[in-house]
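# Breakdown of the fold
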Amino acid sequence: MPANPIAATIPFDRDGKHHGFLRLPHSRNESAWGAIMIPVTVVCNGAGPTALMTGANHGDEYEGPIALQALAHELQPEEISGRVIIVPYMNYPAFRAGTRVSPIDTVNLNRAFPGAPDGTATQKIADYFARTLVPMADLVLDFHSGGKTLDFLPFACAHYLESDSQQAACVAAVEAFNAPYTLMLREIDNVGMYDTTVEAQGKVFVTTELGGGGTASARSARIARRGVRNVLIHAGILGGTVDHAPSVMLDMPGDDCYHFALSEGLVEPLVDLGETVEAGTPLARIWPPDRTGLMPIEVPAQRSGVLAARHFPGLVQTGDCLAVVAEVLTRG
Ligand code: CA
């Protein structure tokens, strides 16, 4: 396989704090010999584990970028044992455009793994993470939120894995993140995900969904900033004790958690995030977008639980994910 064209402008193995870039050559009309400059910070101090922390895998999700910008600014080498690699804007072109996928190639980074060193810009970024950065790490934290089209209850999550010991290590790190909700997730579409690549390399993996709607809130930004420090403490990289508060344990055990719109129209929400529903409880009405005088379509819950995610924009298209109902395992 060809070498990846991305080059880091800072060392990964020198003690101290270094701010720089992952430089991806990108020849284009506006800049013949130009490059995509992905900001990166490496904080390193002696022996210890390595944490790789990423935000903006999807470019319209902001809690990760906020928490990781703050961490890159605040974290000092003398506070840690080991190494922290911080990339606040993983899919940098998408982040700058404020879009989920890259405006350069319309590729969704979180469906592009393991990537290709001779592929499109997004595929090259994926390959660089898969073959260069992830192998350096013991623990990987990848922040997500709902982006412009979804809104989530704030949760950290782990996946069901084949290895019991790896799954237990991931669950322990997710519990240390200590979001208000903690979820065990069976992905419905895991081919090409960063998550899958990281887990296949045997790493401890933590991911989140901390809100959405294409913005952060004061609450979701606080959850992200606190969670990233908790995970570093749990990993033994940062000193101190994990700041622990009760967290509601959720599960999404089956496909019936997901509610997809079967018609287009104007959404009238009937349940807000975090509210309890029974099977059959109407979650939303969809009113016709083009006329008055017709009945709306009601979308009933397919199972009991809490509303964990919802479609964010006021208009819905057929096939959009309208609502996700999660099962409550324990109430913290
Ligand atoms: Ca996302």
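The rules we used
- Residues numbered from 1 in each chain as written.
- Predicted model: local features only at pLDDT ≥ 70, side-chain atom pairs only at ≥ 80, totals over all residues.
- Heavy atoms only, no water.
- Buried < 20%, exposed > 50% of the residue type's maximum accessible area, 1.4 Å probe, protein only.
- Helix = DSSP H or I, 4+ residues; strand = E, 2+ residues; numbered from the N terminus.
- Pairing = 2+ DSSP bridges.
- Axes fitted to C-alpha atoms, helices over the stretch in contact; angles between N-to-C directions.
- Parallel < 35°, antiparallel > 145°, perpendicular 65-115°, else oblique.
- Left-handed = near helix turned anticlockwise from the far one by under 90°.
- Contact = heavy atoms within 4.5 Å.
- Nonpolar A, V, L, I, M, F, W, Y, C, P; charged D, E, K, R; others polar.
- Domains from an automatic or database assignment.
- Buried area = accessible area lost by both parts, 1.4 Å probe.
- Salt bridge = Lys/Arg side-chain N within 4 Å of Asp/Glu carboxyl O.
- Polar contact = N/O pair within 3.5 Å; in protein donor to acceptor, adjacent residues only side chain to side chain.
- Core = buried A, V, L, I, M, F, W, Y, C linked by side-chain atoms within 4.5 Å.
- Patch = residues over 30% accessible without salt bridge, like charges linked within 9 Å, V, L, I, M, F, W, Y side chains within 5 Å.
- Areas by Shrake-Rupley, 256 points an atom, 1.4 Å probe, with all protein chains shown as cover.
- Expected span 1.5 Å × (residues − 1).

### Observations concerning the pairing of strand β17 (residues 305–311)
Taking burial as the measure, the 7 residues of β17 include 6 buried ones, the bulk of the element. As paired elements, strand β7 (residues 150–152) and β17 share 3 bridges and run antiparallel to each other. From the neighbouring strand, Leu150 faces β17, where its bridge partner is His311. With 2 bridges connecting them, strand β14 (residues 276–277) and β17 associate as antiparallel partners. The residue of β17 that forms the bridge with Val277 is Gly305. Direction of pairing for β17 relative to strand β19 (residues 321–331): antiparallel, over a ladder of 4 bridges. The partner of Val306 across the bridge, within β19, is Ala326.

### Quick word on the sheet that holds strand β18 (residues 315–316)
Within the open sheet, the 4 strands sit side by side as β16-β15-β13-β18. Their pairing is antiparallel. Edge strands, defined here as strands with exactly one partner in the open sheet, are β16 (297–300) and β18. Here 4 bridges tie strand β15 (residues 282–287) to β16, and the two strands are oriented antiparallel to one another. Note on β16: the bridge partner recorded for Ala284 is Val299.

### Some words on the packing of helix α4 (residues 164–177) against helix α6 (residues 218–234)
The N-to-C vectors of α4 and α6 enclose an angle of 135°; their axes lie 7 Å apart at closest approach. Considering their axes alone, α4 and α6 lie oblique with respect to each other. The interaxial crossing formed by α4 with α6 has right-handed handedness. For the pair formed by α4 and α6, the contact residues are Ala172, Ala173, Ala176 and Phe177 on the first element and Ile223, Ala224, Arg226, Gly227, Val228, Asn230, Val231 and His234 on the second. Among the residues forming the contact of α4 with α6, the class breakdown is 8 nonpolar, 3 polar and 1 charged.

### As for the packing of helix α1 (residues 63–74) against α6
In a packed pair of helices, the relevant descriptors are the angle between the two axes and the axis-to-axis distance. Remark: α1 packs on α6, axes separated minimally by 8 Å, with the N-to-C direction vectors making an angle of 55°. As far as their axial angle goes, α6 and α1 are oblique. With respect to the hand of their crossing, α1 and α6 are arranged in right-handed fashion. Where α1 approaches α6, its residues Glu63, Ile66, Ala67, Leu68, Ala70, Leu71 and Glu74 are matched on the opposing element by Ser220, Ala221, Ala224, Arg225, Val228, Arg229 and Leu232.

### A closer look at the domain arrangement of the chain
Split by domain assignment, the chain resolves into domain 1 (7–251) and domain 2 (255–325). Residue-level contacts link 12 residues of domain 1 with 13 residues of domain 2. For the pair domain 1 and domain 2, the summed buried surface comes to about 1000 Å²; carbon and sulfur atoms form 70% of the total. Counting every contact that joins domain 1 to domain 2 gives 0 salt bridges. If you look at where domain 1 meets domain 2, you find 3 residue pairs in polar contact (both at pLDDT 80 or more). Every element with two or more residues in the side of domain 1 that touches domain 2 is listed here: β7 and β9 (181–185).

### Notes on the nonpolar core
Counting 69 residues, the largest nonpolar core has Met53, Phe177 and Tyr194 as the members making the most contacts within it. At 7 residues, the largest contribution of residues to this core is made by helix α3 (residues 121–133). Formed by 18 residues, the second largest nonpolar core is a distinct cluster that contains Phe155, Tyr181, Leu183 and Ala309.

### Description of a nonpolar patch on the surface
A grouping of Leu266, Trp287 and Leu315 is seen on the molecular surface, where their side chains present a nonpolar patch of about 290 Å² in accessible area. Within the secondary structure, Leu315 is located in strand β18.

### Side note on α6
Its 17 residues give α6 an end-to-end C-alpha distance of 24 Å, which sits within 8% of 24 Å, the value for a rise of 1.5 Å per residue. Buried residues of α6: Ser220, Ala221, Ile223, Ala224, Gly227, Val228, Asn230, Val231, Leu232 and Ile233, and no others. Where α6 is buried, its residues touch β4 (50–54), α1, β5 (82–87), β6 (139–142) and α4. Just past α6, the residue Gly236 takes up positive phi, approximately 80°.

### Digging into unusual backbone geometry
Residue Pro114 follows Phe113 across a cis peptide bond; omega there is 5°. Summarising the element assignment, Pro114 is placed in the loop between α2 (92–97) and α3. Unlike most non-glycine residues, Thr106 shows phi in positive territory, near 55°. Note on placement: Thr106 falls in the loop between α2 and α3. Overall, the relative accessible area of 62% leaves Thr106 in the exposed class. Even without glycine at this site, Asn178 takes up a positive phi of about 60°.

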